[in-house]
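This is what each chain is made of:
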Amino acid sequence: MIAIHEQWHPILGKELLLIEPYHYVKLSKILTPPKLSANESGSVAKVLPYIRQKVKMWGADVLRAENVKTLIGEDEEDSSDEESESQDLEKNQLSRFDCIASLLASAECTVAQDIFRTLSQFPIAFPLVMPELDEAGKFKVMLPSFASPIIKWETKPGTIIENHLFNDPFQLIVAVRIGTTFSSGKSIILNQLMASNSMFSSRSDPRAEYGIPYMINGSIEFTWLTQETCNVSLWNDVFENYYKEGTNKIILLANLHGDALDYPDQIQFLKQFPSSFLVFLMPEYSENKLEELKAQIGSEKLVYGYVGDKKKEKYTINTNNLTHDKTLKKVRMMFKEALQIDTSDIPPFNISELKLGKSFQFAEDIELSASQLLVNFVKEKTCRHIKLYVMQLQRNQQSDDGLQIWENNSQLQVLTQLYKFVLKLPLDKRRQALAHLEKEISRLSMIESSKARNEAILKKEELRKSSLVNRSRED
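Residues numbered from 1 in each chain as written. Predicted model: local features only at pLDDT ≥ 70, side-chain atom pairs only at ≥ 80, totals over all residues. Heavy atoms only, no water.

1. Thoughts on the overall build of the chain
Okay, so step 1: When helices and strands are counted, the chain shows 19 helices and 15 strands.
Okay, so step 2: The globule rule puts the C-alpha radius of gyration for 475 residues at 23 Å, and the 25 Å found for the chain is close to it.
Okay, so step 3: In terms of principal-axis extent, the alpha carbons of the chain reach across some 85 × 60 × 55 Å.
Okay, so step 4: Relative to its 475 residues, the chain shows a buried fraction of 49%.
Okay, so step 5: As displayed, the chain has an accessible area near 24000 Å², and 49% of this comes from carbon and sulfur atoms.
Okay, so step 6: Here the chain holds 58 positive side-chain charges and 64 negative ones, and the gap between their average locations is 6 Å. (Helix = DSSP H or I, 4+ residues; strand = E, 2+ residues; numbered from the N terminus. Rg over C-alpha atoms; globule rule 2.2 N^0.38 Å. Buried < 20%, exposed > 50% of the residue type's maximum accessible area, 1.4 Å probe, protein only. Areas by Shrake-Rupley, 256 points an atom, 1.4 Å probe, with all protein chains shown as cover. Lys, Arg positive; Asp, Glu negative; His and termini not counted. Charge placed at Lys NZ, Arg CZ, Asp CG, Glu CD.)

Set out below in C-alpha cells:
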C-alpha cells in the first residue's frame, strides 16, 4: 500500500494500493463506468480501477477530459445562483490530470512502463514531472518509465521514420508563464494549436470551474509534435516542412504549470534538455521577473509572447480574439522561431547524467546492472549476429551434437552466463530485469531492421508505380 500525504486525501484517501504486475495482468470481470456524486470525496481513487482496466484494453479515450467528466453524475441545477456559487468549492473536482498522474504514480515500475507503452499510441499529454503521493513538496520525474517507446511518422508515401523516445535525437520546446492567469492563460492558448482542445490541463476543462486539479501546480505535461497531435494550421505552417527533411529528430512540447519563477528546480531540470522556451507574459508580469528568468535560462533561448491587449509587441496575444486565425498565427510563429533556436551547445542527452534539484527524484527504473550487461553484449555483437551465429542450438534442434556446439561456441557460453545472472535475481528484481531486456533488445532489433524495412517499403512503392505505368501503356 502507498501511504498518501494529507495534501491528496480529498482525491485519493489515506492509502492507495500499489499496482504490481500480478494485479495488472489478473483477469477480472468487466467493470461498468462508475457514477460518482457531484460532491463525493476520494473521487480519483474510486475511478482508478475502471480507468486502469480501460487503458489495459486500449481504451485510452477514457482519459480524455470530456470523458472523465462523464464519470460524475451531475446534480440538478440549483435554483439560486448565489447558493450554487457557495457550493462550488465542495463540488467533485475530478480531473483528467489527477487521474493520469495517480494512475502512473500508483503503478510498480514495470506496470507504469506497460501503461505508458499503451498510452503512447494515442495523441494525449503525459506528466513528465508530477507530485509524489507520499510526500509534500516533492516531485517525481517519470523519464525512466517513458524512455524508448517508438513514435512513428510518415515523411512521404512509403517512408516511415521511427524515433525511440528520449533515446533518439529530440528537441524540447518548453512553454512557461510569468505572472498570474485570470481567464485564458498559457494552456488554453496552447490547446488552440493542438489536435484536442483539452490536450493540456487548463481552465477550460470540464468542471474546471470547481477548481484546478489538485496535483497540477509545478507539474510538467508533455507530448510530441507530429501530425497526430498538432492541429492542421500548426502542422502546415510549422512542422510539416521540418519533418519532410527526413530527420528522425522528434520535437516535443513540455508545459510547466504555474508561474515559472515559483519552480526553480523545474526550470533547472528543463534547461538540461536540448530546449528552447516559449515565455507567456501575463498582463501583470514585471520586467524584474522577466530579467530573473533570463538569468536562469539565457535570453538567447527565449521567445516571448505578451498575453493581453495592453502591449503592442511582435507576439501580442489578445485572448479576446483567441479563436481568430490572425491571433493564433502569432503563436504559431512563436513555435517556428523556437524551432530555429540553436541547441547544439547542450551536451548529448543522457538520462543518467541529469542533475535533479532537492525537490526532484526519479521514478524507479527497470534497468539493473545484471540486465544491462546482457544488453551491452547484444549491442556489441548485434542482434543479427546473435541470431545467426550464437543461438546455434535453436537452429540445430534435431542435431545430436548439441554438446559439441556448446563447447565450440564461447559466445553462447557468455550469453548463457549473463542470462543466468538475471535469473538468479530476487523475484521483484528479476521481473524488472526481464522487462528491461525486453525493452532494450526490442529497441536494438528495431534499429537494426529499420533500414531494411524502409528499403522494402520503397521497393514495394516502386513496383506499384511501375505496374500503374505498364497498365497505362497497355490501355
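2. Some points on the pairing of strand β11 (residues 250-259)
It is a general feature of regular strands that their side chains alternate between the two faces of the sheet.
Okay, so step 1: Of all ten residues in β11, ten are buried, a share of seventy percent or more.
Okay, so step 2: Looking at chain direction, strand β9 (residues 170-178) and β11 are connected through seven bridges and run parallel. Counterpart to valine 174 in the pairing with β11 is alanine 254.
Okay, so step 3: Sheet analysis places strand β10 (residues 220-224) next to β11, joined by five bridges and oriented antiparallel. When the sheet's bridge partners are listed, isoleucine 220 is paired in β11 with leucine 256. (Pairing = 2+ DSSP bridges.)

3. Some remarks on the domain arrangement of the chain
Okay, so step 1: One can read the domain layout of the chain as domain 1 (2-74 + 91-362) and domain 2 (369-472).
Okay, so step 2: A C-alpha centroid distance of 35 Å is found between domain 1 and domain 2.
Okay, so step 3: At the junction of the two partners, domain 1 supplies 17 residues and domain 2 supplies 14 residues.
Okay, so step 4: Between domain 1 and domain 2, a total of about 1300 Å² is buried, with carbon and sulfur atoms accounting for 53% of that surface.
Okay, so step 5: At the junction of domain 1 and domain 2, the tally comes to one salt bridge.
Okay, so step 6: Inspection of the region where domain 1 meets domain 2 yields zero residue pairs in polar contact (both at pLDDT 80 or more). (Domains from an automatic or database assignment. Contact = heavy atoms within 4.5 Å. Buried area = accessible area lost by both parts, 1.4 Å probe. Salt bridge = Lys/Arg side-chain N within 4 Å of Asp/Glu carboxyl O. Polar contact = N/O pair within 3.5 Å; in protein donor to acceptor, adjacent residues only side chain to side chain.)

4. Concerning the confidence of the model for the chain
Okay, so step 1: Here the chain averages 86 in pLDDT, while 91% of its residues score no lower than 70.
Okay, so step 2: Here residues 76-86 is a poorly scored stretch, pLDDT under 50, and it has two contacts once near neighbours within four places are set aside; other chains count. (pLDDT = per-residue confidence, 0-100.)

5. Describing the packing of helix α14 (residues 369-381) against helix α18 (residues 410-423)
Okay, so step 1: Close contact between α14 and α18 brings their axes to 8 Å; oriented N to C, the two are set at 155 degrees. Overall, the two elements α14 and α18 adopt an arrangement that is roughly antiparallel. As α14 packs across α18, the resulting crossing turns out to be left-handed. Residues Ala370, Ser371, Leu373, Leu374, Phe377 and Lys381 of α14 pack against Gln411, Val414, Leu415, Leu418, Tyr419, Phe421 and Val422 of α18.
Okay, so step 2: Per-class residue counts for the contact of α14 with α18 are ten nonpolar, two polar and one charged. (Axes fitted to C-alpha atoms, helices over the stretch in contact; angles between N-to-C directions. Parallel < 35°, antiparallel > 145°, perpendicular 65-115°, else oblique. Left-handed = near helix turned anticlockwise from the far one by under 90°. Nonpolar A, V, L, I, M, F, W, Y, C, P; charged D, E, K, R; others polar.)

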